Amino acid sequence: MKRSSSAGFVPVSLILNFVLAVILVGVSGFAIWAFVEYQDHKNNVDGKVAAAVKDAKADQQKEDQAAFLEQEKLPTRELTGPAELGGVSLAYPKTWSVYLANNGENSQYEAYLHPGAVPSTQNRTSYALRVSVVNASYESTTASYSQKVKEGELKASPIKVNELDGLRLDGKFTETIQGSMVLFKIRDKTLRVYTENNTYVADFDKIVLPSLKFNI
């Protein structure tokens, strides 16, 4: 029996259609993968951009707030002590309040300054500024800090204010108090002006010390 010459013959068109179908599936798969990757990358980029914008806005708000707080300190106010104790005077931010614990009694002067209301002296608060004229010699007062200077907890350096020489101390005064202090001789007494918190050292240096005046 004679076989048909077409038996087992696969038309070329069918092969081409199959190849094209495979190619189309592959191209479609690649396109889908590429689109998913693009979307993922786009979302990541958008997320990073949004995060960067948010951080920039937060930084700007912090800068604006800091600038506002600095502006609120002006104009400054003046603190003046008793004339018989050197007539100590200095400027301080107008956002600070003053509490006079001793205004010349027993030949001493003690003032506490702090933003807003001044906390009670019984709370062991680290005050923004303290000003005192103590009934002790300059030599004995400076000597009382010498051990902490030797141990490295305090750094001592000379300072000149109102053409008068004094001593500046920076560092750790107690376990809870870190800041800066200046000491000057007023006759047989000692003037101490100091901040008990490093947060206020900038105000101490920019506002308080340049304005500090007293008579010996």
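Provided above is the structure to which this section pertains.
A short tour of the structure in this document, coming up.

Cut-offs applied
- Residues numbered from 1 in each chain as written.
- Predicted model: local features only at pLDDT ≥ 70, side-chain atom pairs only at ≥ 80, totals over all residues.
- Heavy atoms only, no water.
- Buried < 20%, exposed > 50% of the residue type's maximum accessible area, 1.4 Å probe, protein only.
- Helix = DSSP H or I, 4+ residues; strand = E, 2+ residues; numbered from the N terminus.
- Pairing = 2+ DSSP bridges.

**Details of the pairing of strand E8 (residues 178–186)**
The buried fraction of E8 amounts to seven of the nine residues, a majority that puts the element mostly inside the structure. Two strands pair when backbone bridges link them, and strand E7 (residues 164–172) and E8 are joined in this way by six bridges, in the antiparallel orientation. Residue pairing in the sheet places Leu169 in a bridge with Met181 of E8. In this structure, the hairpin formed by E7 and E8 is closed by a connection of five residues. With seven bridges connecting them, E8 and strand E9 (residues 189–195) associate as antiparallel partners. Looking at E9, one finds that Val182 is bridged to Val193. Hairpin geometry of E8 and E9 is characterised by an intervening segment of two residues between the two adjacent antiparallel strands and by a positive phi of about 55° at Arg187.

**Side note on unusual backbone geometry**
In this model, Leu74 is joined to Pro75 through a cis peptide bond whose omega is -5°. Position of Pro75 relative to the elements: it lies in the loop between helix H1 (12–72) and strand E1 (77–80). Phi is positive for Asn106, which is not a glycine, with a value near 55°. On the secondary structure map, Asn106 appears in the loop between strand E3 (96–103) and strand E4 (109–115).

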